[in-house]
Amino acid sequence: MFGIFKKQQVDLCSKVQGQLFINDHPAKGIHVHRILTYSGEQEFSDSTVTDSEGCLSLPKYSILSRKPNKPFFESFVHQYIYAEHNSENMKLWFATRPGKDDLRAFEKKLGNMRCDLTDPVAQFEFDSGFYNVKMSASGKCRWQSDFKIIDNFAESSNDK
């Protein structure tokens, strides 16, 4: 009974590292924002600015919560990372990750982001790490492996 009052660690997002480009040139001084929503109820945010080489880094983000102990509670995280450029919010990454624990598949993608702000937003899939299960996300980032574009989108101004 007392287990429902105990807080558990909830990993909202693994460490984010990557590099931004504009037409294959490093995008320096770009503001990058991360918004994390836990099970549609709590929102957390932070931000950074790219360095002279267009590199960005945001730390792993975890919280303590009693919510995973509630009966019938569905634990999931919406992860939204965007860059401000030319008065627009450009989607670098948007995904919904199930559960309260980080997934290795998400760690690999978020820890090695390469995004060109001139690329279209794409919906893509990647291996979850579980047999025959794919995860999906969308954004301007691209990877050399474990990355299959499903669809491309025209991004509207200040898309969020």
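Preceding block: the structure.
Below is a short write-up of the structure.

Reading the values: the criteria
Residues numbered from 1 in each chain as written. Predicted model: local features only at pLDDT ≥ 70, side-chain atom pairs only at ≥ 80, totals over all residues. Heavy atoms only, no water. Pairing = 2+ DSSP bridges. Helix = DSSP H or I, 4+ residues; strand = E, 2+ residues; numbered from the N terminus. Core = buried A, V, L, I, M, F, W, Y, C linked by side-chain atoms within 4.5 Å. Buried < 20%, exposed > 50% of the residue type's maximum accessible area, 1.4 Å probe, protein only. Contact = heavy atoms within 4.5 Å. Phe/Tyr/Trp six-rings, centres within 6.5 Å; stacked < 30°, edge-to-face > 60°.

**Details of the pairing of strand S11 (residues 121-127)**
When S11 meets strand S14 (residues 148-153), the two strands line up antiparallel, connected through five bridges. Of the residues in S14, the one forming a bridge with Ala122 is Asn152.

**Observations concerning the nonpolar core**
Generally speaking, soluble globular proteins have nonpolar side chains that are buried together. If you look at the biggest cluster of nonpolar residues, it comprises 34 residues, and the most contacted ones within it are Leu20, Leu92, Trp93 and Met113. A total of four residues in this core trace back to one element, the largest contributor, which is strand S9 (residues 88-98). Excluding residues that lie within four positions of it along the chain, Leu20 makes contacts with His25, Pro26, Ala27, Ile30, Val32, Thr50, Gly54, Leu56, Ala83, Leu92 and Cys115.

**Topic: the packing of aromatic side chains**
Enumeration according to the criterion identifies 12 aromatic pairs in this entry. Summarising the aromatic geometry, the rings of Trp93 and Phe124 are spaced 6.0 Å apart at their centres and angled 50 degrees between planes, so their arrangement reads as tilted. One end of the pair, Trp93, is in strand S9; the other, Phe124, is in strand S11, and 31 residues separate them in sequence. Using a relative accessible area of 0% as the deciding quantity, one classes Trp93 as buried. Taking 5.5 Å as the distance between ring centres and 70 degrees as the angle between the ring planes, the aromatic pair formed by Phe106 and Phe126 counts as edge-to-face. Taken as a pair, Phe106 in helix H1 (residues 104-110) and Phe126 in strand S11 lie far apart in primary sequence, 20 residues in all. As far as the burial class goes, Phe106 and Phe126 line up, both buried. Three or more aromatic residues joined by ring pairs make a cluster, and in this case those are Trp93, Phe106, Phe124, Phe126, Trp143 and Phe147.

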